[in-house]
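Spelled out from the first residue to the last, the chains are:
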There are 2 protein chains.
Amino acid sequence: MPTITAFESSPDRGRGLARDMAVRWAFEELGQPYDVRLVSFAEMKQPPHLALQPFGQIPTLEEGGLALFESGAIVLHLAERHPGLLPDEADGRARAIAWMFAALVTVQAPIVEREAFLLMEQDRPWFEARLPLLDDRVRTRLAQLSRRLGDADWLDGGFSAGDLLMVNVLRRPAGAAMLPEFPNLAAYVARGEARPAFRRAFDAQHAVFLAAPGG
Amino acid sequence: MPTITAFESSPDRGRGLARDMAVRWAFEELGQPYDVRLVSFAEMKQPPHLALQPFGQIPTLEEGGLALFESGAIVLHLAERHPGLLPDEADGRARAIAWMFAALVTVQAPIVEREAFLLMEQDRPWFEARLPLLDDRVRTRLAQLSRRLGDADWLDGGFSAGDLLMVNVLRRPAGAAMLPEFPNLAAYVARGEARPAFRRAFDAQHAVFLAAPGG
């Protein structure tokens, strides 16, 4: 059975914001079983984990002789091998993959930048003055995405791996804080979170938090 | 013939740092012809271009009825349809795609963050105090990548689309400034730049700059 890695003790306290969430959600959408191996922060920086993940992060995927990293690559690998997350038709499939890259590269970058700033520079003298610059970068991307989505349910036809990754990125607090300004994006995220596969993935990672010491 | 978009007047003054470079390089590695349609900054923010690229960026790909955006997605689309940038074997192919995501998500993020900071906050009172934080983030990623590359020529066996995107990301000045600290990465980038397909792509985008007013 394919095995992924996830935080033994997730810094998000089970809110489904760690990078294993997208991979769990993909397994659930595809109806495929998976195992989870929990790793500590100390283990993530040791040679055995670095052999799987050179940047010392989670998740990884091990399946037979294959070891993969990068949540986008893992979701794409799964989506290519099981039906449900990519259109059959070649052009639609290429567009869904474009939305995967758009989520993880173009939309995620300013969200993660704002998130890291809130986490690591809150006590710096420049914090108050600089925060609006980062807010504007996130807002610019969300406005462009909102305009493209319009009143559609999903980004390009039916729900795809592109929507899975985009909803996952928009759920990060540094982006979610601005969703009330974009009601169609807020509804889009809510539609994603209402999917039974999302709920199963969310509950599975939340159970890890509840079982952990202090959870 | 497939048509991509590129800057009519590139802010990098023909140094091959605009996002069309990776796509041009992929076409050259695959031995496939392509056309280029140049767009101005004003055009990029207008509805016809936004219909192709919702974030108002370049490059895009138009080919028959298909319109694609995100340079990673375009390179992957081309690499899937023509031999030369992905291994035939399934596991090697999945790993090459993982390196594509690693380049554009994990390695690029701190490089682009440092680049934007240098470009847009040089006259802010916090510039001097904050720059070392960004240097450290880039250095951390480069050290991890350097450790993984070791004395290999490419990231995983033969040259792949993963190497193409990684070399392209490492060429950005905010990353390249630190390459002297990592001689194996500097040699890796030089190997990429020495490829005839890289040279052809570089010369093609440089010719656009030379032909432009002020070029």
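About the criteria used
- Each chain carries its own residue numbering, running from 1 in the direction its sequence is written.
- Lettering of chains starts at A and numbering of ligands starts at 1, both following the order in which they are written.
- Local features in this predicted model are restricted to residues whose pLDDT is 70 or higher, and side-chain atom pairs enter the listing and the counts only when it is 80 or higher, whereas totals over whole chains, interfaces and linings include all residues.
- Excluded from the side-chain calculations are hydrogens and water; all other atoms, namely the structure's heavy atoms, are used.
- Throughout this description, the term salt bridge denotes a Lys or Arg side-chain nitrogen within 4 Å of a carboxyl oxygen of Asp or Glu.
- Secondary structure elements are taken from DSSP: a helix is a run of H or I of four residues or more, a strand is a run of E of two residues or more, and numbering for both begins at the N terminus.
- Relative accessibility under 20% of the residue-type maximum defines a buried residue, over 50% an exposed one, and the middle range a partly exposed one, all with a 1.4 Å probe and only protein chains included.
- Two strands form a pair only when DSSP identifies at least two bridges running between them.
- Throughout, an axis means a line fitted to C-alpha atoms (over the contacting stretch in the case of helices), and angles, computed between N-to-C directions, take values from 0 to 180 degrees.
- Contacts: residue pairs with any heavy atoms within 4.5 Å of one another.
- With a 1 Å grid laid over protein atoms only, a set of points is called a cavity when a 1.4 Å probe fits there but cannot get out and a pocket when it is open yet has protein on both sides within 12 Å along at least five of seven lines; lining residues have an atom within 4 Å of a point.
- Grid points are joined across faces, edges and corners, and a volume is the space filled by probe spheres set on the points.
- Charged means Asp, Glu, Lys or Arg here, nonpolar means Ala, Val, Leu, Ile, Met, Phe, Trp, Tyr, Cys or Pro, and polar covers whatever is left, Gly included.
- Where each domain begins and ends follows an automated or database-derived domain assignment.
- Our angle categories are set so that under 35 degrees counts as roughly parallel, over 145 as roughly antiparallel, 65 to 115 as roughly perpendicular, and the remainder as oblique.
- When the near helix sits turned anticlockwise from the far one by under a right angle, the crossing is termed left-handed; a clockwise turn instead gives a right-handed crossing.
- Copies overlap after least-squares fitting; the atoms used are the C-alpha atoms of residues with pLDDT of at least 70 in both.
- A quick way to say it: buried area is the sum, across both parts, of accessible area lost when two parts are put together, with a 1.4 Å probe.
- Whenever two N or O atoms come within 3.5 Å, that pair is a polar contact, provided that in protein one can donate a hydrogen and the other can accept it, and provided that, for residues adjacent in sequence, both atoms are side-chain atoms.

## Some thoughts on the pattern of salt bridges
Then comes step 1: All chains considered together, the criterion is met by 37 salt bridges over all chains.
Then comes step 2: Among the ionic pairs, Asp20(A) bridges to Arg24(A), the shortest N-O distance being 2.6 Å. Taken together, the positions of Asp20(A) and Arg24(A), both in helix H1 (residues 20-30) and four residues apart, correspond to about one turn of that helix. The exposure classification of Asp20(A) matches that of Arg24(A), with both residues buried.
Then comes step 3: The shortest N-O distance in the salt bridge between Arg93(A) and Glu80(B) comes to 3.5 Å. Of the two residues, Arg93(A) is situated in helix H5 (residues 90-120) and Glu80(B) in helix H4 (residues 71-81); the pairing between them involves two chains.
Then comes step 4: The exposure class assigned to Arg93(A) is partly exposed, which follows from its relative accessible area of 22%.
Then comes step 5: Looking at Glu80(B), the relative accessible area reads 29%, which means it is partly exposed.
Then comes step 6: One connected set of salt bridges, linked through shared partners, spans Glu80(A), Arg93(A), Glu80(B) and Arg93(B).

## Here's the deal with the sheet that holds strand E3 (residues 60-63) of chain B
Strand pairing in a sheet relies on backbone hydrogen bonds. The paired strands run either parallel or antiparallel.
Residue and element names in this part refer to chain B.
Then comes step 1: Strand order in the open sheet formed by four strands is E2-E1-E3-E4, and the pairing between neighbours is mixed. Looking along the sheet, the strands with just one partner apiece sit at the ends: strand E2 (35-39) and strand E4 (66-69). The sheet shows a mean angle of 25° between the axes of neighbouring strands, taken without regard to direction.
Then comes step 2: As defined by bridge partners, strand E1 (residues 3-7) adjoins E3 across two bridges and the pair is classed as antiparallel. Looking at the pairing, Thr3 lines up with Glu62 of E3.
Then comes step 3: Of the strands in this sheet, E1, E2 and E3 touch helix H1 (residues 20-30), which is tilted by about 145° from E1.
Then comes step 4: Against the sheet, H4 touches E3 and E4, its axis set at about 130° to E4.

## Some thoughts on empty space enclosed by the protein
Residues and elements named next belong to chain A.
Then comes step 1: All told, the structure shown has two cavities of 30 Å³ or more when counted by the stated rule.
Then comes step 2: Its boundaries defined by the atoms lining it, the largest cavity holds a volume of some 100 Å³.
Then comes step 3: In this structure, the largest cavity is lined by 13 residues; those nearest its centre are Arg19, Gln108, Asn168, Val169 and Arg172.
Then comes step 4: For the lining of the largest cavity, the secondary structure elements donating two or more residues are H5 and helix H7 (161-170).
Then comes step 5: In terms of residue class, the lining of the largest cavity is made up of six nonpolar, four polar and three charged.
Then comes step 6: Composition of the lining of the largest cavity by domain shows at least three residues from each of domain 1 (3-84 + 197-211) and domain 2 (90-195).
Then comes step 7: In this structure, the second largest cavity encloses a volume near 90 Å³.
Then comes step 8: Around the second largest cavity, the lining residues are Ala6, Phe7, Glu8, Ser9, Ser10, Gly14, Ala18, Asp20, Arg24, Gln205, Val208 and Phe209.
Then comes step 9: Elements with a contribution of two residues or more to the lining of the second largest cavity: strand E1 (3-7), H1 and helix H10 (196-211).
Then comes step 10: The residue makeup of the lining of the second largest cavity, split by class, is five nonpolar, four polar and three charged.

## Looking at unusual backbone geometry
Residue and element names in this part refer to chain A.
Then comes step 1: Each neighbour pair has its own omega, and for Ile58 with Pro59 the value is 0°, a cis peptide bond.
Then comes step 2: Structurally, the position occupied by Pro59 is in the loop between helix H3 (47-52) and strand E3 (60-63).
Then comes step 3: In this structure, Glu70 takes a positive phi of about 75° despite not being glycine.
Then comes step 4: Mapped onto the secondary structure, Glu70 falls in the loop between strand E4 (66-69) and helix H4 (71-81).

## Quick word on the packing of H1(B) against helix H10 (residues 196-211) of chain B
All names here are of chain B.
Then comes step 1: Here H1 crosses H10 at 135°, and the two axes come no closer than 8 Å. In terms of orientation, H1 lies oblique with respect to H10. As H1 runs across H10, the sense of the crossing is right-handed. Between H1 and H10, the contacting residues are Asp20, Met21, Arg24, Trp25, Glu28 and Glu29 on the first element and Ala197, Phe198, Arg200, Ala201, Phe202, Ala204, Gln205 and Val208 on the second.

## Comments concerning the relation of the copies chain B and chain A
Then comes step 1: When chain B is fitted to chain A, the residual RMSD is 0.0 Å, and the transformation amounts to a turn of 180° plus an axial shift of 0.0 Å. Here the copies are linked by what is in effect a two-fold axis. Across chain B, the smallest distance between a C-alpha and the rotation axis is recorded for Val105(B), namely 2.8 Å.

## Notes on the side chain of Ser160(B)
Residue and element names in this part refer to chain B.
Then comes step 1: Within the secondary structure, Ser160 is located in the loop between helix H6 (127-149) and helix H7 (161-170).
Then comes step 2: For Ser160, a relative accessible area of 7% corresponds to the buried category.
Then comes step 3: With residues up to four places along the chain from it excluded, the contact list for Ser160 reads Leu85 and Ala96.

## Re the interface of chain B and chain A
Then comes step 1: If you look at the interface, chain B gives 47 residues, while chain A gives 47 residues.
Then comes step 2: Both sides of the chain B and chain A interface together cover about 3900 Å² of buried area, and 63% of this is carbon and sulfur.
Then comes step 3: By the criterion of area lost to chain A, the three top residues of chain B are Phe55(B), Phe101(B) and Trp126(B), representing 18% of everything that side buries.
Then comes step 4: If you look at where chain B meets chain A, you find six salt bridges.
Then comes step 5: With its nearest N and O atoms 2.7 Å apart, the salt bridge here joins Arg130(A) to Glu121(B).
Then comes step 6: Seen at the junction of chain B and chain A, the total is 13 residue pairs in polar contact (both at pLDDT 80 or more).
Then comes step 7: Of all elements in the fold, only helix H3 (47-52), E4, H4, helix H5 (90-120) and H6 of chain B reach the threshold of two or more residues within the side of chain B that touches chain A.
Then comes step 8: Residue contributions to the side of chain B that touches chain A peak at 17 residues, all from H5(B).
Then comes step 9: Tallied by class, residues from the side of chain B that touches chain A come to 26 nonpolar, eight polar and 13 charged.

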